[in-house]
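Below, each chain spelled out in residue letters.
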Amino acid sequence: TGPRLLAFAGSLRQGSYNRRLVHVLAEGARAAGAEVTLIELRDFPLPVYDGDIEANGMPAPVRELQALMASHHGLLISTPEYNGSMPALVKNTLDWISRPTDAGTSGVALFRDKVAGIVSASPGPLGGLRSLLVLRDALAKLGLLVVPQQVAVGQAADKLPDYGVLNDDRLRTGVHGVAAAVVRQVRAGLLAGEMA
Ligand code: FNR
């Protein structure tokens, strides 16, 4: 079987530009031969991380996200930029997944040696570029290999009118290039026997 990638946008709102963009990223990955599971974080509602909540029983969405992470070879993320950083939603989601699993194994191990591709979208001119630096670093600290290619889509209101529609040939090629790089890297890892 080919590379399996888990994709999500780091925004909950209906009209999210990043939600529109993650569809472009997923399309690129499918074109490169991956199976993509595109999820909405809205369907996995999580409280802000609280050790007391965890101690009283792990929220079901955490278990579901951990199972999804376990069954995929990598991540495709489109993130907004909030005050020059990644949204709390994205960090909170990664932090919950990193907690010990039902099987008593490390949640961080679910990320190790997996591959990530990241893009961002913003109505501003820089497209949320600064959030990519922070997200790249956070993913690397969890042990993921983040491919060097990345794309920040500025003026998102004009460029991303609908899900999966990116009105800029150069940027669309770039986003598909991020996805293709992830697929290539996963394939290389599969060949090397690093991933199941
Ligand atoms: C923003 N926004 C924003 N944009 C940006 O380019 N750089 C920034 O630092 C910030 N900071 C910021 C902080 C907070 C708290 C909010 C709510 C918003 C604007 C942001 O890019 C815009 O709301 C996008 O539309 C968010 O992405 P989605 O929801 O469209 O995917």
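Note that this is a predicted model, so its numbers are computed, not measured.

Trainee: What is the right way to look at the sheet that holds strand S4 (residues 115–121) in this model?
Mentor: What links the strands of a sheet is backbone hydrogen bonding, and the strands pair in either a parallel or an antiparallel sense. The 5 strands are arranged S2-S1-S3-S4-S5 in an open sheet whose pairing can be described as parallel. Looking at strand neighbours, the two that pair on one side only are strand S2 (35–38) and strand S5 (145–153), the edges of this open sheet. On average, each strand axis in the sheet is tilted by 20° relative to the strand beside it, whichever way the strands run. For strand S3 (residues 74–79) and S4, the ladder comprises 6 bridges, and the chain directions are parallel. Bridge pairing in S4 places serine 78 opposite valine 119. Contacting S3, S4 and S5, helix H5 (residues 129–141) runs over the sheet at an angle of about 160° to S4.

Trainee: Whenever I open this one, helix H7 (residues 169–191) confuses me. Can you help?
Mentor: Think of an α-helix as turning once every 3.6 residues; residues three or four places apart then point the same way. Taking 1.5 Å per residue as the helical rise, H7 with its 23 residues ought to reach 33 Å, and the 32 Å between its terminal C-alpha atoms agrees with that figure. Considered for burial, the residues of H7 that qualify are Leu171, Val175, His176, Val178, Ala179, Ala180, Ala181, Val182, Val183, Gln185 and Val186. Packing partners of the buried residues in H7 comprise strand S1 (4–9), helix H1 (17–31), S3, S4, S5 and helix H6 (156–159). Looking one or two residues past H7, glycine 193 carries a phi angle of roughly 75°, positive in sign.

Basis of the calculations
Residues numbered from 1 in each chain as written. Predicted model: local features only at pLDDT ≥ 70, side-chain atom pairs only at ≥ 80, totals over all residues. Pairing = 2+ DSSP bridges. Helix = DSSP H or I, 4+ residues; strand = E, 2+ residues; numbered from the N terminus. Axes fitted to C-alpha atoms, helices over the stretch in contact; angles between N-to-C directions. Contact = placed C-beta atoms within 7 Å. Expected span 1.5 Å × (residues − 1). Buried ≥ 20, exposed ≤ 12 C-beta atoms within 10 Å, placed from the backbone.

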